[in-house]
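Architecture and fold: a report
This is what each chain is made of:
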Amino acid sequence: MRKWLTALLTAAMLLAAAPPVRAAGPDIAAPSAILMDAATGTVLYEKNASERLRPASVTKVMTLLLVMEALDTGRIGWDDTVIASEAACAKGGSQVYLEPGEEMSMDEMLKSVVVSSANDCATALAEHVAGSESAFVGMMNQRAQELGLLDTNFVNCTGLDDAPEAAEHLTTAHDIAVISRELLKHDRIRDYTTIWMDTVRGGKFGLSNTNKLVRFYQGTTGLKTGYTSAAGHCLAASAKRDGIELIAVVLHCASSADRFSSAKALLDYGFANYALVSAEMPEPLQPVPVTLGQKAAVQPELQQAAPILIEKGLQAAVTRTVTLAERVEAPVAAGQQLGTLTISANGETLAEIPIIAPEAVERLTWWELTCRLLRRLCMTMPEE
């Protein structure tokens, strides 16, 4: 009996000391897939995510990113009217059947690309931004390089792959997730990616979203479907729940059902197992005195307050500890580190965020120091 109790106690102690077990990844049909946290870029799951594949119309995630960036910089305007060229109207595949010379608002062009994957509108927007589709494709590849996406090469703005050169139109699930993350930084894109059904041309032409998750998956925020016989069924999906937004990309699926079930399984896995914790201070920070400074003290602040992704089971165990200099000597540079906020759980450090001086504090000159000393002496001298 005593041996049995000893064994039981030993087993209990071992279980208590064991680290938490990471949840197994989802079982998905997609041959290439990735799950990424939109806020931090952390990869939560991947399966052949670096395999170079044809992306079909998921290509338009990059097309939309460049359009949104052009709108933000003022290169083009939200009030612009986009005129359809013959080249744009000649595009096959999904379209709204633009006529050469037809004018459409920026709003309706974007809506047609996002909701109905209109190749003619995507080309018209590319021409509106860069003057020609070929110039726009150069911008797409340059932007991919800027994002560090060495496995991506675009040859058009639509993802159509029936031309011979389309054999070189390749990317990866990982790279599409990175582009999707950049696109989601433009909040206004969600005005379009969350539309289920709408119309253009004064209500005469109906649009229905090719991304069925918009209607059938709670919290869906986007993003883009794609299909060709060579690329298979593809999807860049995003959804947000309880403050966390996730991006799931699946490429080369055998069926539309496979792409949606795979993306849903990835998102379910992420929401079930991960959470964001804020990088907030446990208490307000006190000013740090500055020796020999032109200001007596500097008010410290966090270098960045971006949330931190953690496993959901650690939420209750999260602690925040601040170490802060008691005093610093001038000169103090803007951005100079004054301390650290350490976020931990169960003895494991999750993040160390610098606490910095938000502004510079110059050192007193010899003349300023002398004047200050003289004033103090005068204040302490006894009156006659």
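Residues numbered from 1 in each chain as written. Predicted model: local features only at pLDDT ≥ 70, side-chain atom pairs only at ≥ 80, totals over all residues. Heavy atoms only, no water.

Attention shifts here to the pattern of salt bridges. Within this structure, the stated rule accounts for 14 salt bridges. Measuring nitrogen to oxygen at the nearest pair gives 3.2 Å for the salt bridge that ties lysine 264 to aspartate 268. One end of the pair is lysine 264 and the other is aspartate 268, both in helix α10 (residues 256-273) and four residues apart, which spans about a single turn. For aspartate 268, a relative accessible area of 30% gives the class partly exposed. (Salt bridge = Lys/Arg side-chain N within 4 Å of Asp/Glu carboxyl O. Helix = DSSP H or I, 4+ residues; strand = E, 2+ residues; numbered from the N terminus. Buried < 20%, exposed > 50% of the residue type's maximum accessible area, 1.4 Å probe, protein only.)

Let us now look at the packing of aromatic side chains. Under the counting rule described, the total for this entry stands at four aromatic pairs. With centroids separated by 6.2 Å and ring planes inclined at 75 degrees, the aromatic side chains of tryptophan 196 and phenylalanine 216 adopt a geometry described as edge-to-face. Residue tryptophan 196 is located in the loop between α8 (190-193) and β5 (197-200), and its partner phenylalanine 216 is located in helix α9 (residues 213-216); the two are separated by 20 residues in the primary sequence. You can call phenylalanine 216 exposed: its relative accessible area is 60%. (Phe/Tyr/Trp six-rings, centres within 6.5 Å; stacked < 30°, edge-to-face > 60°.)

As a further point, take the sheet that holds strand β15 (residues 318-324). Within the open sheet, the four strands sit side by side as β13-β18-β17-β15. Their pairing is antiparallel. At either end of the open sheet lies a strand with only one pairing partner, and these are β13 (301-302) and β15. Bridge count for β15 against strand β17 (residues 337-345) is seven bridges, and the pairing is antiparallel. Bridge pairing in β17 links threonine 323 to threonine 340. (Pairing = 2+ DSSP bridges.)

The next subject is the layout of surface pockets. In this model, the second largest pocket occupies a volume close to 160 Å³. In terms of lining, the second largest pocket is formed by 14 residues, of which the most central are Ser57, Ser94, Ser117, Gly226 and Tyr227. Per element, the largest residue contribution to the lining of the second largest pocket is four residues, and it comes from strand β7 (residues 220-228). Tallied by class, residues from the lining of the second largest pocket come to three nonpolar, ten polar and one charged. (1 Å grid on protein atoms, 1.4 Å probe; cavity = no way out; pocket = protein on both sides within 12 Å on 5 of 7 lines; lining within 4 Å. Points joined across faces, edges and corners; volume = space filled by probe spheres on them. Nonpolar A, V, L, I, M, F, W, Y, C, P; charged D, E, K, R; others polar.)

Turning our eyes to something else, we now look at the environment of phenylalanine 154. Structurally, phenylalanine 154 can be placed in the loop between α6 (133-146) and α7 (173-184). By relative accessible area, phenylalanine 154 is classed as buried at 2%. Sequence spacing of phenylalanine 154 and alanine 357 is 203 residues, and the spatial spacing of their C-alpha atoms is 44 Å. Among residues more than four places away in sequence, those in contact with phenylalanine 154 are Thr59, Met62, Val137, Met140, Asn141, His169 and Ile179. (Contact = heavy atoms within 4.5 Å.)

Here we come to the sheet that holds β7. With respect to topology, five strands assemble into an open sheet ordered β2-β1-β9-β8-β7, the strand pairing being antiparallel. Both edges of this open sheet fall to β2 (43-47) and β7, since each of them pairs with a single strand only. With direction set aside, neighbouring strand axes in the sheet form an average angle of 5 degrees. The pairing of β7 with strand β8 (residues 232-241) spans eight bridges and is classified as antiparallel. In the sheet register, glycine 222 faces β8, and the bridge partner there is serine 238. Those strands touched by α10 are β1 (32-37), β2, β7, β8 and β9 (244-253), and its axis lies near 150 degrees from that of β9. (Axes fitted to C-alpha atoms, helices over the stretch in contact; angles between N-to-C directions.)

Another aspect to go through is helix α4 (residues 106-116). Burial of α4 is extensive: ten of the eleven residues sit out of reach of the surface. Those residues of α4 lying buried are Met106, Glu108, Met109, Leu110, Lys111, Ser112, Val113, Val114, Val115 and Ser116. Once α4 finishes, serine 117 follows within two positions and takes phi at roughly 55 degrees, a positive value.

Below, the discussion takes up the packing of α4 against helix α5 (residues 119-130). To characterise two packed helices, one gives the angle between the axes of the helices and the distance between these axes. One can describe the packing of α4 onto α5 by two numbers: an axis separation of 8 Å at closest approach and a directional angle of 130 degrees. On the basis of their axis angle, the class for α4 and α5 is oblique. Crossing angle aside, the handedness with which α4 passes α5 is left-handed. In contact with Met106, Met109, Leu110, Ser112 and Val113 of α4, α5 contributes Cys121, Ala122, Ala124, Leu125 and His128. Counted by class, the contact of α4 with α5 contains eight nonpolar, two polar and no charged residues. (Parallel < 35°, antiparallel > 145°, perpendicular 65-115°, else oblique. Left-handed = near helix turned anticlockwise from the far one by under 90°.)

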